[in-house]
Amino acid sequence: MAGIYLHIPFCKHKCNYCNFFSVASVKYRNLFVDALLKEMEMRKGYIKGETVNTIYFGGGTPSLLSVDEINSILGKVGELFRLNSDIEITLEANPDDITPSKANDLKQYTPVNRISMGVQSFFDDDLQYLDRVHSGKEAYQAIETVKKAGFNNVTIDLIYGIPGLTPEKWNKNLDTFFQFNIPHLSSYSLTVEPKTALQYQINKQKRAEVDEELSIVHFEILQQRVKENGFIHYEISNFAKEGFYSKHNSIYWLGGHYLGLGPSAHSFNGTSRQWNVAAIKQYINSEVVEKIVAEQEVLTTEQLYNEYIMTSLRTSWGCDPEHINNVFGKRFSSYFEKGIEPFVNEQKVMRKGNQFVLTEKGKLFADGIAAELFMEE
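Worth saying up front: this structure is predicted, and the values here are computed from it rather than measured.

> Explain the state of the cysteines here, please?
One way to say it: the disulfide is the covalent bond shared by the sulfur atoms of two cysteines. For the structure on display, the rule yields zero disulfides. Residue Cys11 stays outside any disulfide, its sulfur separated by 6.5 Å from that of Cys18, the closest cysteine. Assessed through its relative accessible area of 21%, Cys18 is described here as partly exposed.

Written as structure tokens, this is what we have:
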């Protein structure tokens, strides 16, 4: 399985918590699309003829692209790569970009078949804390609009752990989500990333500090509510109805190969990882692959094993000692089985068939458990 990620770096406004590469301007939009098509041509051999199962427009704000631009990009993908007939094509969208005409045009005139909406909260005070430009009402209307246009495969993002988001308000956010009867939710704890505007605002006491205890309460509510409503908690931050898992993100979690196109995009082909320059001018002026790719790293067996542990442990499929033995060797599978035992005894991990998966209690400690299982080089 292989996927293609397209990084569309333009935003109307940079949100204070965001640490993804983006530019708060569409000045270079036309030149960017031309450069993206050129990069695609130059790097078409990266996934070595594998069938492409997913295409993901991320950002930035991909919903700022016109229908013609989306079709131009997808047309080039279809020309250069072998596509699965059942391909998943996701477009990230901000609520304030979604008008009835935009939603109808996306549905009728493009192959996009999945919408990922950056809602974050339905409360205006939360959205103001996060420097979002849309309102709770606009978020509500945007979801109704894409559903009315005929999109059935819709996911939204909700952030918890926002100062001022009480458990009561968090429950209301989840009530609103369930009310829409959409099949997928991505939900993340608010993280204050280094060198973001939010970090600066908190340091200057212009924003309240994030309370980790509150985040834990929110996460426990989330786990309970999704279970009650028939959602599968298939990855730490992702919840879906049966048949609506994110195929694209599952490629990342299950060690599949992907080609990342656009400034700052990452790629992985099974043995090496590479990432593009995070600079719009340099990107659009690059004539050769060497100028686009900022850095490449050939991964050691230890690094590949550690990545498998980190990503697999976060999912409902868990870690498989037999797979570890077959791919990495007996030394790694023995090390894993010895390391996982204390967490089984603490009921943070349980054995399900041949897999080791996190319990609900263990999901609170996912990163720490993974770190304990890493193999040093």
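Right, picking up where we left off after that structure.
> Whenever I open this one, the pairing of strand E14 (residues 355–358) confuses me. Can you help?
Residues in a regular strand project their side chains so that they alternate between the two faces of the sheet. Sheet topology note: the strand E13 (residues 349–352)/E14 ladder contains four bridges and is antiparallel. Following the sheet pairing, Arg351 is matched in E14 by Phe356. Hairpin connection from E13 to E14: two residues lie between these consecutive antiparallel strands, with Gly353 at a positive phi of about 70°.

> Looking at this structure, how should I read the nonpolar core?
In summary, soluble globular proteins display a tendency toward joint burial of nonpolar side chains. Core analysis: the largest hydrophobic core is formed by 78 residues, its most contacted members being Leu6, Phe57, Met117 and Ile156. Considering each element in turn, this core owes the most residues, six residues, to helix H1 (residues 29–42). Counting residues in hydrophobic clusters, the runner-up holds 20 residues, among them Ile236, Cys319, Phe336 and Phe356.

> Would you explain unusual backbone geometry in this entry?
Omega for the bond connecting Gly59 with Gly60 falls within 30 degrees of zero, at 20°, which places this linkage in the cis form. Its location among the elements puts Gly60 in the loop between strand E2 (52–59) and helix H2 (67–80). Look at Asp131: it is not a glycine, yet its phi comes out positive at around 60°. A positive phi angle, near 65°, is found at Lys195, a position not held by glycine. Along the chain, Lys195 falls in the loop between strand E6 (184–189) and helix H7 (197–203).

> Just checking my understanding: could you explain the packing of helix H13 (residues 321–328) against helix H14 (residues 330–345) for this structure?
The geometry of a pair of packed helices is captured by two quantities: the angle between their axes and the separation between those axes. At a minimum axis separation of 7 Å, H13 and H14 run at an interaxial angle of 150°. Of the possible angle classes, the one that applies to H13 and H14 is roughly antiparallel. At the point where H13 passes H14, the crossing takes the right-handed sense. For the pair H13 and H14, the contacting residues are Pro321, Ile324, Asn325 and Phe328 in the first and Lys330, Phe332, Ser333, Phe336 and Glu337 in the second. Along the lines of polarity and charge, the residues of the contact of H13 with H14 split into five nonpolar, two polar and two charged.

> Help me understand the packing of aromatic side chains, please; the structure alone is not making it clear to me.
When we look at a pair of aromatic rings, we describe it by the centre distance and by the angle of the planes. Inspection of the entire model under this criterion finds 21 aromatic pairs. Look at Tyr160 and Trp170: their rings are 5.6 Å apart centre to centre, the planes differ by 50°, and that puts the pair in the tilted class. Residue Tyr160 is located in strand E5 (residues 154–160), and its partner Trp170 is located in helix H6 (residues 167–179); the two are separated by ten residues in the primary sequence. Assessed through its relative accessible area of 6%, Tyr160 is described here as buried. For Trp170, a relative accessible area of 0% puts it in the buried group. For the ring pair Tyr308 and Phe328, a centre distance of 6.2 Å and an interplane angle of 50° mean the geometry is tilted. You can see Tyr308 sitting in helix H12 (residues 301–313) and its partner Phe328 sitting in helix H13, a full 20 residues away along the chain. Note that Arg207 overlies the ring of Tyr129, its terminal NZ or CZ placed 5.6 Å from the centroid.

> Would you mind showing me how to read the pattern of salt bridges here?
Once the charged atoms of two side chains with opposite charge are near each other, the side chains can pair. Under the counting rule described, the total for this entry stands at 20 salt bridges. Note that Glu69 and Arg29 form a salt bridge whose closest N and O atoms lie 3.0 Å from each other. Here Glu69, found in helix H2, pairs with Arg29, found in helix H1; they are 40 residues apart in sequence, far enough to count as distant. Among the charged side chains, a network of salt bridges with common partners joins Glu41, Lys44, Lys76 and Glu79.

> In this structure, what is going on with the layout of surface pockets? I would like to understand it.
Regions of empty space are outlined by a rolling probe, equal in size to a water molecule, passed over the atoms. Of the pockets and cavities examined, the second largest pocket occupies roughly 170 Å³. What lines the second largest pocket is a set of 15 residues, and nearest its centre among them are His233, Ser316, Val357, Leu358 and Lys363. When contributions to the lining of the second largest pocket are tallied by element, the ones reaching two or more residues are strand E7 (232–235), E13 and E14. In terms of residue count, E7 provides more of the lining of the second largest pocket than any other element does, three residues in total. Taken together, the residues of the lining of the second largest pocket sort by class into six nonpolar, four polar and five charged.

> Where do I start with the environment of Leu190 in this structure?
Summarising the element assignment, Leu190 is placed in the loop between E6 and H7. In sequence terms Leu190 and Glu337 are 147 residues apart; their C-alpha atoms lie 33 Å from each other. If near-sequence neighbours (up to four positions away) are discounted, Leu190 is found in contact with Tyr17, Tyr129, Leu130, Ile159, Tyr160, Gly161, Ile162, Pro163, Leu198 and Val210.

> Explain helix H5 (residues 136–148) here, please?
Helical periodicity: at 3.6 residues per turn, an α-helix aligns residues three or four positions apart in one direction. For H5, with 13 residues, the first-to-last C-alpha span of 19 Å sits near the 18 Å given by 1.5 Å per residue. Turning to H5, its buried residues number three or more, namely Gly136, Ala139, Ala142, Ile143, Thr145 and Val146. Of the surrounding secondary structure, the elements contacted by the buried residues of H5 are helix H3 (100–109), strand E4 (114–120), helix H4 (124–129) and E5. Following H5 by one or two positions, Gly150 adopts a phi angle in the positive range, close to 110°.

Reading the values: rules and limits
- Each chain carries its own residue numbering, running from 1 in the direction its sequence is written.
- In keeping with the predicted nature of the model, local features appear solely for residues at pLDDT of at least 70, side-chain atom pairs appear and are counted solely at 80 or more, and the whole-chain, interface and lining totals rest on all residues.
- Hydrogen atoms and water are omitted, and side-chain values are computed over all heavy atoms in the structure.
- By definition, disulfides here are pairs of cysteine sulfur atoms that lie within 2.5 Å.
- Only protein chains enter the calculation, and the probe is 1.4 Å; a residue is then buried if its accessible area is under 20% of its type maximum, exposed if over 50%, and partly exposed in between.
- The pairing criterion for strands is at least two bridges between them, as found by DSSP.
- The helix and strand labels rest on DSSP assignments: H or I over at least four residues marks a helix, E over at least two residues marks a strand, and numbering proceeds from the N terminus.
- In plain words, nonpolar cores are sets of buried Ala, Val, Leu, Ile, Met, Phe, Trp, Tyr and Cys residues tied together by side-chain atoms within 4.5 Å.
- The axes used here are C-alpha line fits, helices contributing only the stretch in contact, and every angle between their N-to-C directions lies in the interval 0 to 180 degrees.
- Roughly parallel covers angles under 35 degrees, roughly antiparallel covers those over 145, roughly perpendicular covers 65 to 115, and oblique covers all other angles.
- Here a crossing is called left-handed whenever its near helix is offset anticlockwise from the far helix by less than a right angle, and right-handed whenever the offset is clockwise.
- Here, two residues are considered to be in contact whenever any of their heavy atoms come within 4.5 Å of each other.
- Residue classes follow a fixed rule: Ala, Val, Leu, Ile, Met, Phe, Trp, Tyr, Cys and Pro count as nonpolar, while Asp, Glu, Lys and Arg count as charged, and any other residue, Gly among them, counts as polar.
- Working definition: rings of Phe, Tyr and Trp (its six-membered ring) pair if their centres are within 6.5 Å, and the pair is stacked with planes under 30 degrees apart, edge-to-face with planes over 60 apart, and tilted otherwise.
- Working rule: Lys NZ or Arg CZ, within 6 Å of ring centre, within 35 degrees of ring normal, means a charge sits over the ring.
- A pair is scored as a salt bridge if a Lys or Arg side-chain nitrogen falls within 4 Å of a carboxyl oxygen belonging to Asp or Glu.
- Computed over the protein atoms alone on a 1 Å grid, cavities are sets of points where a 1.4 Å probe fits but cannot get out and pockets are open sets with protein on both sides within 12 Å along at least five of seven lines; a residue lines them when it has an atom within 4 Å of a point.
- Grid points are joined across faces, edges and corners, and a volume is the space filled by probe spheres set on the points.
- For a helix, the expected span equals 1.5 Å multiplied by the number of residues minus one.

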